[in-house]
Amino acid sequence: MRRLKFWLGAGLAIALGIYTVRSVLAYATTSYPNFAGVTTAVALKDVWVVSDTSWNAHVKSYTTNPVRNIGTIGWTWWTFRDTCNGNIIDNWVKPGYARYGASEAWDTGVDDRDYCNGSYRGWSLGTHDFKEGDSIWRPYLSTDEGI
Amino acid sequence: MYKRKMMLLIEIGAVLLLIGLVTGNATAGSAKSANPRGSPANAAQQAAVDAPVPVSVSPGRSEATDDQETIRQAIQTLVAQWSDTVLQGSGWLHMVTHHMRDKDRGSSLPNGQAIPLNYISETWYRLDDQGQAVEVIAFMRSEDGEPVQISTFRGNIWRNLTVGEKWAGEPFMPRPDLGFSADAAQAHGWGSTLSQQTTTLAGQTVLRFTLRDAFGSPALIEGYAQPVVSAERRGYFDPHSGVPLLLERILVTADGRERVVERVDQITVQQGVEPPSDVLALLQQEVTK
């Protein structure tokens with residue numbers, strides 16, 4: 001009986017831990033350590049539901065370890081869209097954006113949630129832009145979530 | 001010995017929870033909150049992001065909560081009555097819905113073709129014995145019936161044949177009520193309120209359920225010129241069968257205008273009917289990207 005209780009408890013604790021960790025991994029990042037020999041460049045995209053009315057798409061380019069102002073930071077293009085069973089319902093195309101001598105740039109888009117009878121997903125996609133001296137890094141990154 | 005094991009167990013659980021919470025806070029801090037030191041590319045939009053906050057709780061909270069729970073359960077019971085039948089057993093499920101939208105500005109596909117505000121969605125789902133869609137053929141058509149987009153799902157891969165893109169997916173449960181009951185189930189967490197009313201629709205007595213989302217401050221939503229101050233989702237259901245008859249989305253803008261921004265009608269469902277051979281053949285089409 002004690003053994004049963006132990007394994008039930010173990011299962012519950014591990015399941016809860018896995019759920020808690022999984023539930024926050026809703027964004028995508030990619031990074032370039034030692035970018036231009038001075039910092040770590042990070043590209044981030046995220047999607048989340050705000051309420052039954054709307055959802056948000058997010059883009060962010062930043063430096064870390066250490067935070068450092070670099071020549072150019074931003075993105076060359078950014079789009080957010082929602083798809084219903086693979087078909088694009090709205091496709092919002094945003095212009096490129098750059099900051100000079102800064103350590104981060106970000107933006108968030110707000111879209112309404114349409115009716116869909118199947119797989120309804122929100123997307124944030126585009127190419128980030130990092131420049132410092134002769135070093136250039138332009139990673140493409142996308143993420144999508146059920147919304 | 002047993003106590004020691006239990007303590008170890010509790011410690012493992014606590015560490016996992018702590019990791020989860022720390023990661024969660026890090027995520028929220030970097031991506032989901034307005035950073036006053038940051039540099040949003042569009043400051044006006046950033047203000048909109050933080051706008052939809054939960055509605056304040058009234059003094060009659062417990063009574064209201066009870067009502068909310070009663071309505072939520074009524075929606076789940078009514079919708080499940082019908083959708084469980086629709087999703088019962090394996091085979092093909094054919095759904096057609098007519099969407100009419102009202103926006104100030106529309107958008108285009110990556111190939112430049114405009115996405116119509118009004119469209120007909122025709123979807124063929126092949127369900128497994130759990131009611132999960134394992135193959136899908138989805139058409140977005142203009143109101144004239146001309147295909148605008150075609151997408152498929154096969155072998156856990158989505159393919160948009162029109163724009164030539166593909167991505168990984170997983171089998172899923174179709175939502176014959178277009179997600180209305182799922183949204184109602186989450187209404188409390190979002191701070192939205194539910195209400196229920198008996199009304200008539202085209203001469204028929206129906207049940208109308210409403211989810212009301214009141215924003216803390218006006219929010220700009222893409223495609224609309226005016227900021228939005230509140231919104232509603234309305235579902236009209238047959239009170240006996242649970243069939244959804246009409247679904248609406250309403251936005252109330254800062255200028256006081258109430259706009260029906262989406263209306264879905266002609267919700268038709270067929271079970272056990274095979275797609276025509278030319279439709280079925282689309283499942284074999286590949287995309288390059």
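Treat the numbers as computed from the prediction; the structure is a model and nothing was measured.

Colleague: Any chance you could explain the overall build of chain B here in plain terms?
Modeller: Scanning chain B from terminus to terminus reveals five helices and 11 strands. Expressed as a percentage of contacts within chain B between residues at least 6 apart in sequence, the contacts between residues at least 24 apart total 56%.

Colleague: Where do I start with the sheet that holds strand β3 (residues 133-141) of chain B in this structure?
Modeller: Paired through backbone hydrogen bonds, the strands of a sheet run either parallel or antiparallel to each other. All names here are of chain B. Read across the open sheet, the 11 strands follow the order β6-β5-β4-β3-β2-β1-β11-β10-β9-β8-β7; overall the sheet is antiparallel. Only two strands of the sheet have a single neighbouring strand rather than two, namely β6 (165-168) and β7 (193-201). Across the sheet, the mean angle from the axis of one strand to that of its neighbour is 15 degrees, orientation sign disregarded. Note: strand β2 (residues 119-127) against β3, eight bridges, orientation antiparallel. By the bridge assignment for β3, Leu 127 is matched with Ala 133.

Colleague: Would you explain the sheet that holds strand β2 (residues 39-49) of chain A in this entry?
Modeller: Residue and element names in this part refer to chain A. Spatially, the four strands line up as an open sheet ordered β1-β2-β3-β7, and their pairing is antiparallel. Strand pairing shows two members of the sheet lacking a second neighbour, β1 (27-35) and β7 (104-112), which therefore form its edges. For this sheet, the mean inter-axis angle between neighbouring strands, taken without regard to orientation, is 5 degrees. Where strand β3 (residues 54-64) lies against β7, nine bridges are found, and the strand directions are antiparallel. Its bridge partner lying in β7, Ser 54 is registered against Asp 112.

Colleague: I keep staring at the domain arrangement of chain B and nothing clicks. Help me out?
Modeller: Often the size quoted for an interface is simply the accessible area lost on bringing the parts together. All names here are of chain B. Each assigned domain of chain B is listed here: domain 1 (61-107 + 114-176 + 271-284) and domain 2 (180-266). A straight line from the C-alpha centre of domain 1 to that of domain 2 covers 20 Å. Broken down by element, the side of domain 1 that touches domain 2 gets its largest block of residues, 10 residues, from helix α3 (residues 61-86). Within the side of domain 1 that touches domain 2, the residues separate by chemical class into eight nonpolar, six polar and seven charged.

Colleague: Would you take a moment to explain helix α4 (residues 180-190) of chain B for this structure?
Modeller: A turn of α-helix holds 3.6 residues, and therefore any two residues three or four places apart point the same way. All names here are of chain B. Taken residue by residue, α4 has Phe 180, Ser 181, Asp 183, Ala 184 and Ala 187 as its buried positions. Down the axis of α4, the sector holding all buried residues measures 155 degrees, keeping them to one side. Remark: Gly 191 follows α4 within two positions and exhibits a positive phi of approximately 85 degrees.

Criteria and cut-off values
- Residues numbered from 1 in each chain as written.
- Chains lettered and ligands numbered in written order.
- Predicted model: local features only at pLDDT ≥ 70, side-chain atom pairs only at ≥ 80, totals over all residues.
- Helix = DSSP H or I, 4+ residues; strand = E, 2+ residues; numbered from the N terminus.
- Contact = placed C-beta atoms within 7 Å.
- Pairing = 2+ DSSP bridges.
- Axes fitted to C-alpha atoms, helices over the stretch in contact; angles between N-to-C directions.
- Domains from an automatic or database assignment.
- Nonpolar A, V, L, I, M, F, W, Y, C, P; charged D, E, K, R; others polar.
- Buried ≥ 20, exposed ≤ 12 C-beta atoms within 10 Å, placed from the backbone.
- Arc of directions from axis to C-beta.

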